[in-house]
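Descriptive structure summary
Now for the letters of each chain:
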Amino acid sequence: MRFRDTAARVFLVAAVGLLPEVAGAQILASEAATVSQTIDGTTITIDYSRPSLRGRDVRVDLFGDQIPWGQAWTPGANTATTIESTKDFVLSGTHVPSGRWSVWMVASPEDWELVLDPRDDLYHTAHPRPSDDQIRIGIESRRAADSAETLSWSFTTVRRDGADLRMQWGDIAVDLVIEVDPTIRVTMSPEEAAAYLGSWTVERLGSEYIDEGAFETELRMIGDLLVGTFDFGNN
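Note that the structure is predicted; figures quoted are calculated from it, not measured.

1. Thoughts on the pattern of salt bridges
For the structure shown, the criterion picks out 11 salt bridges. A salt bridge links Asp171 to Arg143, with the nearest nitrogen and oxygen atoms 2.8 Å apart. Of the two residues, Asp171 is situated in strand β11 (residues 162-179) and Arg143 in strand β10 (residues 141-159); the sequence distance between them amounts to 28 residues. On the basis of relative accessibility, which here comes to 16%, the residue Asp171 falls in the buried class. Linking Arg166 and Asp175 is a salt bridge whose minimum nitrogen-to-oxygen distance equals 2.7 Å. Three or more residues are tied together by salt bridges with common partners; here these are Asp47, Glu84, Arg100 and Asp120.

Structure, rendered in structure tokens:
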């Protein structure tokens, strides 16, 4: 009988020990996610949690109702969504210093606003009030062709000196443009290019596969690019 009592107590303790883990798994209705992109040495990372619609209409039940017009809302769940960059960058025309910022959006039936707050550890209900240390950017929302059941952040396009960043929930999408300073310049101003314009003779060194020789080239400006054309002739 004593053995049964002891075994029962061990089983009860083990079962109770599992409860926090099970409960914690149930609480996380909006799972954590991370999306990161490196653009010519600048790495930009979005950390957020992903709420789902679960039968709600994003344009009826959420914006203007659960998410009041004019109130700062983090595009995510749980703790505030954050954006972090290893270097300074430009976000939709506004300079953003390197570091980690919490991300908020102020929605309205017409114009939207993106707010970056230096406090990066806020809970999603701790709506930050306007302050001088925030970065505020006018943005636009649009109706997407498809619908996203679960809120998502994604880098839709990556270029040599930037990328396009999109937040979408339901059929509401917000597109942001990222620009970074390239490590290698491929453009040139007319003043810088002036010394190189015109015809040039280029010496070609020989190798196992190519005979040495000379050919003519002409350098000219096309837009902000210095472009050369080559006439190899019979060499």
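2. A short note on the side chain of Ser85
Along the chain, Ser85 turns up in strand β4 (residues 82-85). With near-sequence residues (within four places) excluded, Ser85 lies in contact with Thr42, Thr43, Ile44, Ser98 and Gly99.

3. Let's talk about the packing of aromatic side chains
Counted by the stated rule, this structure contains 3 aromatic pairs. Taking 5.2 Å as the distance between ring centres and 85 degrees as the angle between the ring planes, the aromatic pair formed by Phe63 and Trp73 counts as edge-to-face. Placement of Phe63 in the loop between α2 (58-62) and β3 (72-73) and of Trp73 in strand β3 is noted, with a sequence separation of 10 residues between them. Phe63 gets classed as buried once you look at its relative accessible area, which sits at 4%. Note on Trp73 and Trp169: the rings are 6.4 Å apart at their centroids and 5 degrees apart in plane angle, and the pair reads as stacked. Of this pair, Trp73 sits in strand β3 while Trp169 is found in strand β11, placing the two residues 96 residues apart along the sequence. Of the two residues examined, Trp73 and Trp169, each falls in the buried class. Each residue in the set Phe63, Trp73, Trp112 and Trp169 is aromatic and connected to the rest through ring pairs, giving one cluster.

4. As for a nonpolar patch on the surface
Together, Ile184, Val186 and Leu225 give the surface a local cluster of nonpolar side chains, amounting to about 270 Å² of exposed area. Within the secondary structure, Ile184 sits in the loop between β11 and α3 (190-193).

5. Observations concerning the sheet that holds β10
Read from one edge to the other, the open sheet built from 4 strands follows the order β6-β5-β11-β10, with strand pairing classed as antiparallel. Strand pairing shows two members of the sheet lacking a second neighbour, β6 (94-96) and β10, which therefore form its edges. Between one strand axis and the next, the sheet turns by 30 degrees as a mean value, whatever way the strands run. When strand β5 (residues 89-91) meets β11, the two strands line up antiparallel, connected through 2 bridges. Directly across from Leu91, in β11, lies its bridge partner Ile178.

6. Quick word on the environment of Thr229
Summarising the element assignment, Thr229 is placed in strand β14 (residues 225-231). Thr229 gets classed as partly exposed once you look at its relative accessible area, which sits at 35%. For Thr229 and Glu218, which are 11 residues apart along the polypeptide, the C-alpha to C-alpha distance reads 5.5 Å. In contact with Thr229, not counting residues within four places along its chain, are Glu216, Thr217, Glu218 and Arg220.

7. Let's talk about the environment of Glu110
Structurally, the position occupied by Glu110 is in the loop between β7 (99-106) and β8 (112-117). For the pair Glu110 and Glu140, spaced 30 residues apart in sequence, the C-alpha to C-alpha distance is 8.1 Å.

Parameters at a glance
- Residues numbered from 1 in each chain as written.
- Predicted model: local features only at pLDDT ≥ 70, side-chain atom pairs only at ≥ 80, totals over all residues.
- Heavy atoms only, no water.
- Salt bridge = Lys/Arg side-chain N within 4 Å of Asp/Glu carboxyl O.
- Helix = DSSP H or I, 4+ residues; strand = E, 2+ residues; numbered from the N terminus.
- Buried < 20%, exposed > 50% of the residue type's maximum accessible area, 1.4 Å probe, protein only.
- Contact = heavy atoms within 4.5 Å.
- Phe/Tyr/Trp six-rings, centres within 6.5 Å; stacked < 30°, edge-to-face > 60°.
- Patch = residues over 30% accessible without salt bridge, like charges linked within 9 Å, V, L, I, M, F, W, Y side chains within 5 Å.
- Areas by Shrake-Rupley, 256 points an atom, 1.4 Å probe, with all protein chains shown as cover.
- Pairing = 2+ DSSP bridges.
- Axes fitted to C-alpha atoms, helices over the stretch in contact; angles between N-to-C directions.

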